[in-house]
Amino acid sequence: MKVALVCLWVAILVAAPVSASARYQADAPAPRIASVHTLPMQPLASFRVQNKGISKNEAAAIVKRQFGGKILAISEVQRKGRAAYRVKGLSDQSQVYVVFVDKQSGRIFR
């Protein structure tokens, strides 16, 4: 009986500081973490409008995906009242073609 009483007393003494520290930590406010600024995700089309259009490299990639072959030349022009890129390419069948890519939307027109 004495042994059980001593063990109970030791267990109470050991557990008291642990539960007090756990209670203190639970009552303490959470540490502040510096806020992380992230950019909102938005569709590529709206990014192009905000970014004032596509680059020459993007225009070349669009045309190459559509027609294949090689891009021979690219220049900035005004076409049908819009800013555009004039892209001259060589198809896989060795035919030269010229298309225009709208600078704002990235759409191909002739």
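Described in the following lines is the structure provided in the data block. Each residue is numbered by its place in its chain's sequence as written, counting from 1. Thresholds applied to this predicted model are a pLDDT of at least 70 for local features of residues and 80 or more for the giving and counting of side-chain atom pairs; totals over whole chains, interfaces and linings are not thresholded and use all residues. Excluded from the side-chain calculation are hydrogens and water; included are all heavy atoms of the structure.

**A look at the pairing of strand β2 (residues 82–90)**
Item 1. Where strand β1 (residues 70–79) lies against β2, nine bridges are found, and the strand directions are antiparallel. Looking at the pairing, E76 lines up with Y85 of β2.
Item 2. Between β1 and β2, which follow one another and run antiparallel, lie two residues, and K80 among them has a positive phi close to 55°.
Item 3. Two strands are said to pair when DSSP picks up at least two bridges between them. Going along the chain from the N terminus, every DSSP run of H or I of four or more residues is numbered as a helix, and every run of E of two or more is numbered as a strand. One ladder, built from seven bridges, connects β2 with strand β3 (residues 96–102); its direction is antiparallel. Within β3, the position partnered with R86 by the bridge is F100.
Item 4. From the end of β2 to the start of β3, which pair antiparallel, there are five residues, and S94 there has a positive phi angle of about 65°.

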